[in-house]
Amino acid sequence: MTKVVTRFAPSPTGYLHIGGARTALFNWLFSRHHGGTFLLRIEDTDRERSTDDAVQKIFQGLKWLGLDWDGEPVMQFSRMNRHAEVAHKMLAEGKAYHCYCSQEELEEMRNKAKAEGRPMRYDGRWRDRDPKDAPAGVKPVVRFKAPQAGSTVIKDHVQGDVTFQNEQLDDLIILRSDGTPTYNLSVVVDDHDMGVTHIIRGDDHLTNAARQTQLYLAAGFVVPDFAHIPLIHGPDGAKLSKRHGALGTEAYADMGYLPAAMRNYLLRLGWSHGDEEIISTQQAIEWFGLDHVGRSPARFDFAKLNNLNGHYIRHSSDDDLLAAALPFVEKKLGRACNQAEVAQIKAILPTVKERAKDLNEITEALGFLFVARPIQADAAAQKHLDDAAKARIRTMIETLNGVSDWTAASTEAAVRALSETQQVKLGQLAQPLRAALTGRTVSPPIFDVLAVLGREETLARLADAAR
Ligand code: GLU
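Everything in this summary refers to the structure shown in the same document. (Residues numbered from 1 in each chain as written. Predicted model: local features only at pLDDT ≥ 70, side-chain atom pairs only at ≥ 80, totals over all residues. Heavy atoms only, no water.)

### Considerations on unusual backbone geometry
Going from Arg373 to Pro374, the amide bond is cis rather than trans, its omega being -10°. Within the secondary structure layout, Pro374 lies in the loop between helix H13 (359–366) and helix H14 (379–382). You will see that Gln423, though not glycine, has its phi angle at about 55°, which is positive. (Helix = DSSP H or I, 4+ residues; strand = E, 2+ residues; numbered from the N terminus.)

This is how it looks when you write it as structure tokens:
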């Protein structure tokens, strides 16, 4: 096989949404699997809708996902002259022609098609007309002389052979009357010039693939391999909407998903390897191929994503997780953490990560570290701070005062011993302890909380609560 070259070709008209991210991932994995090249092309020819902000969001989204592209991104608009050059060559070779149709004529064709209940197709009236008939002062468009008989077959790696009857495809405009190239021409010229061997994209581009194939052949270019992936649907099978998760990658970053979990999740949206659910990126590179891309639309499912994210959080090294979580904590605090605080986070993270499904939950669980005394218990926690509880807290203060080597184990042993001598259940001590130290009814394991807060802060918070 020649060296594999794939590309991701987003239009910068919005964020990098989840479908685009999956397309990028599949292209990236396919090229990495084959030791090939993964290129990025920004399809910014729609000057009205393309924004620089969207371009930056695409870069950021891909970087966040860890999908590194090779070389400089190709900006499609900047290659306009090259696209036009190919059109002019086709014109010179009789593979394209000038069309002088007026808006009124086109409108007529449209109305006729509508009345006959079929899609509008240009009727080819300038295809073989003598250029001498050209009306004066009209700037023509350039149309591609599409084959009129026979069929165009896409040999698609996912969809199989897809046949289009050529009579269904009209003579496409390749240059507008102002000389600017149109979408399908630009895509074909760019993919050819970039040496793209495999086009992997959403199946909403299948009809474009037929038109593009005709253009490739007319231009004398080699037709690349195609793989059109079914679009992602919502859990109910309907087209993906915002509510379903059709959000930008930055929204997923903000929701506290880890890039590795996201990659794993997106991979499984439409690709499978037996029953494997947890697939590391390394393993994915090894296994990925187009033969196991599913033919029916994958369904987006937040519950699955959350499960996977929880898995990746639990299996993150403490250092990696600290690096991922710290920005969330600092954002919530509105300031940087000092060294002592970082050390505290690091100390409690191993237990916190066992229970969290995303980085926001981790941030939430770490909240007790940052509350100022006297801490405000929430309504549920207040219930564990009645007079009887306060009395038990006072006894615990005495007991804990006597603990010499302050650790989770030593404080737990002391409180357990107390529960036995006082003949109260451990929970009757642990709940007030939790309420007093964290202001909540849910927290990381309570004796880890004691350990990380340290003797002084623990006893001070308990004293506050006992008052
Ligand atoms: N720019 C197109 C899009 O955003 C992709 C075109 C292609 O992959 O050929 O959907």
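Moving on, there is more to tell.
### So, the packing of aromatic side chains
According to the stated counting rule, one finds 9 aromatic pairs in the structure shown. Note on Tyr252 and Phe302: the rings are 6.2 Å apart at their centroids and 20° apart in plane angle, and the pair reads as stacked. A residue pair is termed long-range when its members are at least 10 positions apart, and Tyr252 in helix H7 (residues 249–254) and Phe302 in helix H10 (residues 302–314) qualify at 50 residues. You can call Phe302 partly exposed: its relative accessible area is 26%. Their ring planes at 80° and their centres at 5.1 Å tell us that Phe300 and Phe302 sit as a pair that is edge-to-face. Judged by relative accessible area, Phe300 falls into the buried class, the value being 0%. Clustering of aromatic rings is evident, with ring pairs tying together Tyr252, Tyr257, Tyr265, Phe300 and Phe302. (Phe/Tyr/Trp six-rings, centres within 6.5 Å; stacked < 30°, edge-to-face > 60°. Buried < 20%, exposed > 50% of the residue type's maximum accessible area, 1.4 Å probe, protein only.)

### Topic: the pairing of strand S1 (residues 5–8)
Of the two faces of S1, the one carrying Val5 and Arg7 and the one carrying Thr6 and Phe8 are both buried. With 4 bridges joining them, S1 and strand S2 (residues 37–42) adopt parallel strand pairing. What sits directly across from Arg7, in S2, is Leu39. Remark: the S1/helix H1 (residues 18–33)/S2 crossover connection has right-handed handedness. (Pairing = 2+ DSSP bridges. Right-handed = clockwise from strand over helix to strand, strands pointing away.)

### Concerning the site of the ligand
All residues in the neighbourhood of the ligand are listed as Arg7, Ala9, Pro10, Ser11, Glu43, Tyr183, Arg201 and His205. At 2.7 Å, a side-chain N or O of Arg201 approaches an oxygen atom of the ligand. Contacts to the ligand include His205, whose side-chain N or O atom sits 2.9 Å from an oxygen atom. Compared with its free state, where it exposes 300 Å², the ligand has 80% of that area covered by protein. Comparing atom positions with the cavity grids shows the ligand to sit within the largest pocket. (Near = heavy atom within 4 Å. Polar contact = N/O pair within 3.5 Å; in protein donor to acceptor, adjacent residues only side chain to side chain. Areas by Shrake-Rupley, 256 points an atom, 1.4 Å probe, with all protein chains shown as cover. 1 Å grid on protein atoms, 1.4 Å probe; cavity = no way out; pocket = protein on both sides within 12 Å on 5 of 7 lines; lining within 4 Å. Sits in = over half its atoms within 2 Å of the grid points.)

### Some points on the sheet that holds strand S5 (residues 141–144)
Taking strand neighbours across the sheet as the criterion, the 3 strands line up as S4-S5-S8 in an open arrangement whose pairing is antiparallel. Looking at the sheet topology across the chains shown, the edges are occupied by strand S4 (96–99) and strand S8 (173–175). The mean inter-strand angle of the sheet, taken between neighbouring strand axes irrespective of direction, is 45°. Pairing of S4 with S5 involves 4 bridges; the strand directions are antiparallel. The residue bridging Cys99 from the neighbouring strand is Val141, located in S5. (Axes fitted to C-alpha atoms, helices over the stretch in contact; angles between N-to-C directions.)

### Some thoughts on the pairing of strand S7 (residues 160–165)
Bridge analysis of strand S6 (residues 151–156) against S7 gives 6 bridges, and the strand direction is antiparallel. Pairing of Lys155 across the sheet is with Asp161, part of S7. Counted between consecutive antiparallel strands, the loop separating S6 from S7 contains 3 residues.

### Comments concerning helix H2 (residues 52–65)
Over its 14 residues, H2 runs 20 Å from end to end, which matches the ideal 20 Å to within 8%, given 1.5 Å per residue. Against S1, H1, S2, strand S3 (74–75), H7 and helix H8 (259–268) lie the buried residues of H2. Phi turns positive, to about 80°, at Gly66, one or two residues after H2. (Expected span 1.5 Å × (residues − 1). Contact = heavy atoms within 4.5 Å.)

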